[in-house]
Amino acid sequence: MINITLPDGTVKEYPKGTTAMQVAEGISSGLARNVLAAEIDGEVWDATRSINTDVSLRLLTWNDDNGKMAMWHSSAHLMAEAIEALYPGVKLAIGPPIENGFYYDIDFGDHNFSSDHFPKVEKKMTELARQKNCFERIEISKTDAISYFQEKEDEYKLELLEGLTDGEITFYKQGEFTDLCRGPHIPNTGFIKAIKLLTTAGAYWRGDEKNKQLTRIYGITFPKNKELTQYLEMLEEAKKRDHRKLGKEMELFTFSQKVGQGLPLWLPKGAALRERLEGFLKKAQMISGYEPVITPHIAHKDLYVCSGHYEKYGEDSFQPIKTPNEGEEFFLKPMNCPHHCEIYKSKPRSYKDLPVRYAEFGTVYRYEQSGELHGLTRVRGFTQDDAHLFVRPDQVEDEFEKVIDLVLYVFKALGFEEFTAQISLRDKENREKYIGTDENWELAENAIINSSAKKGLVTVIEYGEAAFYGPKLDFMVKDALGRTWQLGTIQVDYNLPERFELEYTGSDNKKHRPVMIHRAPFGSLERFVAVLLEHCGGNFPLWLTPDQVCILPISDKYMDYSKEVLNSLKISDIRAEIDERGEKTGRKIRDAEVRKIPFMLIVGEREAAEGKVSVRRHGGEDLGSMSLEDFKTLTHKEITENIDEFVV
Ligand SMILES: [Zn+2]
Ligand SMILES: [Zn+2]
């Protein structure tokens, strides 16, 4: 007999060889119908795998990320099975689960394949899923595994096998299909109820452009049809909210091949929006005791030799800038921290001077592969809302709390209501991997945990996710469509103070090292604007939005009065413009809708005579006719509503 400990702490005795599925069946048949996999002593297993020792067990369903992963990984196998049946002789490379669904990279050989074939593959997958074929785990020797794939002439699996150790190799088999795979998988294909293939793309074997290009097919599956329908609706909505599309319609930013890929050009309305975001954060930072600094876009090689970044520059980064002086090299700034360290060093510091907080909207350049570039979310030049705090070890907790306050203020003002925070700590087993004293690490790790708890953050602790130079706290926001984005980050650093030999004189009159904290509530302005655009579908909060008001005269006769209205609004700090085109009012309204302008003021004979405006909200709500003063009051109230002053 073996003892199995359940998540609630109860320990039950089972015969040796019991499976997680049998444990589930013992609890209820309803539960068993939903069990996709199991966590055995923290490791994800097939629910059908025999358990032979005392373990702790957690059953995984669709509600668990690892349950979804098992489902989607199994779906990749199901798709491979269908494709192998429909296109004999195809070769299979890799097929992992991803954040939303799965993909498989396939060498179709002489077969033609395009998304037109999706329905055929989906039909075959559905047919195979209904057979409820079990996923069978087979332990196999390396020699036998090699001869299996030699016979199949699948050079990709053979290459993967080269990197595997004999004795640790497993196959998974369902129906007529066998794959080299570590697992885990769902009990049988019948759990896959709704199937949708999404897109295809070219993908180089092992991501290397020198290798053959394979066909990557992305798909997603669900345990219920209803969930697939909801997901597809969400995708449809996401398409409408794509920041690249909205950015164009709202004239916020553009790209030019001549300027270069991944280098956004901010148009006047986008630039003004960015400045408002900067101004908003600068004000809060000023209240929090930050001091603005400005540093150049390039720096001498020596700076990056000192910071350690130099070693990381390879052939796949931006290359050094040469000067007429033999051997002299400069680099485009990939991060602002080394510059700020030098500012800290510009004069002696005492313990009473700390914390020192330097803030800079610093533009940095990083070379991303062209295939990785995506709108404003992956670019080659971007501006971080960066700041570096130089603090005493005993000040870390206090500073963390203050930075969390600032991040929460930003989220609230911009309408991100749902977010979680991930705390990344050391791998407890491998403490030697990290730089900095044990004592300081303890202090910083506890500081992050305590300050997060004090601020009521919902946190997940990840051991082993800390950087070698310090622990960190990352904020993940959920947008209006339920997608998760990583935005702000706060990071402790013991490395750079060491490398730059930063010091302060303590109350003991001795020299001490400050701790450095890197933080960026937005992350980068580019990425933040992209996420915000998709989150609010272009309907920015009123204080931030490019044009708050569009005045629509119903004919040229009312142009003079429209100009009076415009001037009056401008004097009151309301951003407005007149649609002077000779178009019909209906057309003007439609265009203002596309540009997401929150208020339209329709001006005709009656309004001009009475000194009023007819107010229409974006989306169609008619607020009726009102005096210009009343409209201003209404607008000012809404502007200040979600942007109260930041208080420390
Ligand atoms: Zn697999
Ligand atoms: Zn930094």
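To be clear, the structure that these remarks concern was listed above.
Residues numbered from 1 in each chain as written. Chains lettered and ligands numbered in written order. Predicted model: local features only at pLDDT ≥ 70, side-chain atom pairs only at ≥ 80, totals over all residues. Heavy atoms only, no water.

Some details on the overall build of the protein chain
Thought 1: Of the regular secondary structure elements, the protein chain holds 19 helices and 35 strands.
Thought 2: Projected onto its principal axes, the C-alpha positions of the protein chain cover 85 × 75 × 60 Å.
Thought 3: Within the protein chain, the fraction of its 648 residues that count as buried is 49%.
Thought 4: Partitioning the intrachain contacts of the protein chain with sequence separation of at least 6 by distance along the chain shows that 69% fall at a separation of at least 24.
Thought 5: Surface exposure of the protein chain reaches about 31,700 Å², of which carbon and sulfur atoms provide 48%.
Thought 6: Counting 85 positive and 106 negative side-chain charges, the protein chain places the averaged centre of each group 4 Å from the other. (Helix = DSSP H or I, 4+ residues; strand = E, 2+ residues; numbered from the N terminus. Buried < 20%, exposed > 50% of the residue type's maximum accessible area, 1.4 Å probe, protein only. Contact = heavy atoms within 4.5 Å. Areas by Shrake-Rupley, 256 points an atom, 1.4 Å probe, with all protein chains shown as cover. Lys, Arg positive; Asp, Glu negative; His and termini not counted. Charge placed at Lys NZ, Arg CZ, Asp CG, Glu CD.)

Points about the coordination of the zinc ion (ligand 1)
Thought 1: Taken together, the protein ligands of the zinc ion (ligand 1) are His-73 (NE2), His-77 (NE2) and Cys-181 (SG), with distances of 2.0 to 2.3 Å.
Thought 2: Along the chain, the residues donating to the zinc ion (ligand 1) fall in the pattern H-x3-H-x103-C. Taken as a pair, His-73 and His-77 lie in helix α3 (residues 65-86) at a separation of four residues, close to a single helical turn.
Thought 3: For His-77, a relative accessible area of 1% puts it in the buried group. (Donors = N, O, S within 2.8 Å, 3.2 Å for Na, K, Ca; no water.)

Overview of the coordination of the zinc ion (ligand 2)
Thought 1: At the metal site, the zinc ion (ligand 2) is ligated by Cys-337 (SG), His-388 (NE2) and His-518 (ND1), and these contacts range over 2.0 to 2.4 Å.
Thought 2: Look at where the donors of the zinc ion (ligand 2) fall in the sequence and you get C-x50-H-x129-H. Of this pair, His-388 sits in strand β23 (residues 381-391) while His-518 sits in strand β30 (residues 515-520); the two residues are 130 residues apart in sequence, bridging distant segments of the chain. Grouping residues by exposure puts His-388 and His-518 together as buried.

Regarding the sheet that holds strand β7 (residues 55-60)
Thought 1: Strand order across the open sheet formed by five strands is β2-β1-β7-β4-β5, with mixed pairing between neighbours. Of all the strands in the sheet, the pair left with one neighbour each is β2 (11-14) and β5 (43-45). Recorded for the sheet is a direction-independent mean angle of 35° between the axes of neighbouring strands.
Thought 2: Both strand β1 (residues 2-5) and β2 contribute to a ladder of four bridges, which runs antiparallel. Bridge pairing in β2 places Asn-3 opposite Glu-13. (Pairing = 2+ DSSP bridges. Axes fitted to C-alpha atoms, helices over the stretch in contact; angles between N-to-C directions.)

Describing the pattern of salt bridges
Thought 1: Enumeration according to the criterion identifies 50 salt bridges in this entry.
Thought 2: As a salt-bridge pair, Glu-155 and Lys-91 come within 3.1 Å of each other at their nearest N and O atoms. With Glu-155 in helix α6 (residues 155-162) and Lys-91 in strand β8 (residues 91-92), this pair connects stretches of sequence that are 64 residues apart.
Thought 3: As a salt-bridge pair, Glu-127 and Lys-124 come within 3.3 Å of each other at their nearest N and O atoms. Of this pair, Glu-127 and Lys-124 both sit in helix α4 (residues 118-130), three residues apart, which is roughly one turn of the helix.
Thought 4: Salt bridges linked by common partners bring Glu-397, Glu-401, Asp-405, Lys-454 and Lys-455 together as one network. (Salt bridge = Lys/Arg side-chain N within 4 Å of Asp/Glu carboxyl O.)

Looking at the nonpolar core
Thought 1: Counting 84 residues, the largest nonpolar core has Phe-280, Leu-414, Leu-473, Leu-569 and Val-613 as its most contacted members.
Thought 2: By residue number, the principal contributor to this core is helix α12 (residues 396-413), which donates 10 residues.
Thought 3: Beyond its immediate stretch of four places on either side in the chain, Val-613 contacts Tyr-561, Val-565, Leu-601, Ile-602, Val-603, Glu-607, Gly-624, Ser-625, Met-626, Leu-628 and Phe-631.
Thought 4: By size, the runner-up hydrophobic cluster in this structure holds 62 residues, among which are Ile-4, Leu-57, Trp-62 and Ile-217. (Core = buried A, V, L, I, M, F, W, Y, C linked by side-chain atoms within 4.5 Å.)

Focus on the packing of aromatic side chains
Thought 1: Considering all chains together, one arrives at 30 aromatic pairs under this definition.
Thought 2: Centre to centre, the rings of Phe-253 and Phe-255 are 6.2 Å apart; their planes meet at 80°, and the pair counts as edge-to-face.
Thought 3: Given a relative accessible area of 6%, Phe-253 falls into the buried group.
Thought 4: Of the residues examined, Phe-255 reaches a relative accessible area of 34% and is grouped as partly exposed.
Thought 5: Joined through ring pairs, the aromatic side chains of Phe-411, Phe-416, Phe-419, Phe-475, Phe-522 and Phe-528 make up one cluster.
Thought 6: Taking the ring centre of Trp-62 as reference, the NZ or CZ of Lys-68 above it sits at 5.2 Å.
Thought 7: Of note, Arg-216 hangs over the ring of Tyr-103, and the distance from its end group to the ring centre comes to 3.9 Å. (Phe/Tyr/Trp six-rings, centres within 6.5 Å; stacked < 30°, edge-to-face > 60°. Lys NZ or Arg CZ within 6 Å of the ring centre and 35° of its normal.)

Structural notes on the sheet that holds strand β24 (residues 418-425)
Thought 1: Here eight strands make up an open sheet; going across it, the order is β18-β22-β23-β30-β27-β26-β24-β25 and the pairing mixed. The sheet is open, and its two borders are formed by β18 (291-292) and β25 (459-463), each paired with just one other strand.
Thought 2: Direction of pairing for strand β22 (residues 356-365) relative to β23: antiparallel, over a ladder of 10 bridges. Residue pairing for β23: Tyr-358 is matched across the bridge by His-388.
Thought 3: Along the sheet, α12 contacts β22, β23, β24, β26 (472-478), β27 (484-493) and β30; its crossing angle with β26, the most-contacted strand, is approximately 15°.

Quick notes on the pairing of β23
Thought 1: Of all 11 residues that make up β23, 11 are buried, and the element is covered over most of its length.
Thought 2: Of the two faces of β23, both are covered, the one formed by Gly-381, Thr-383, Asp-385, Ala-387, Leu-389 and Val-391 as well as the one formed by Phe-382, Gln-384, Asp-386, His-388 and Phe-390.

A short note on the environment of Gly-260
Thought 1: Relative to the elements of secondary structure, Gly-260 occurs in the loop between β16 (253-254) and β17 (265-266).
Thought 2: For the pair Gly-260 and Arg-380, spaced 120 residues apart in the sequence, the C-alpha separation amounts to 9.2 Å.

Points about the packing of α3 against α4
Each packed pair of helices is defined by two parameters, the angle between the axes and the distance between the axes.
Thought 1: For the pair α3 and α4, interaxial distance at closest approach is 9 Å and the crossing angle is 115°. One finds that α3 runs roughly perpendicular with respect to α4. The way α3 lies across α4 gives a crossing that is right-handed. Every residue of α4 that contacts α3 at Ser-75, Leu-78, Met-79, Glu-81, Ala-82, Ile-83, Ala-85 and Leu-86 is listed here: Lys-120, Val-121, Lys-124, Met-125, Leu-128 and Ala-129. (Parallel < 35°, antiparallel > 145°, perpendicular 65-115°, else oblique. Left-handed = near helix turned anticlockwise from the far one by under 90°.)

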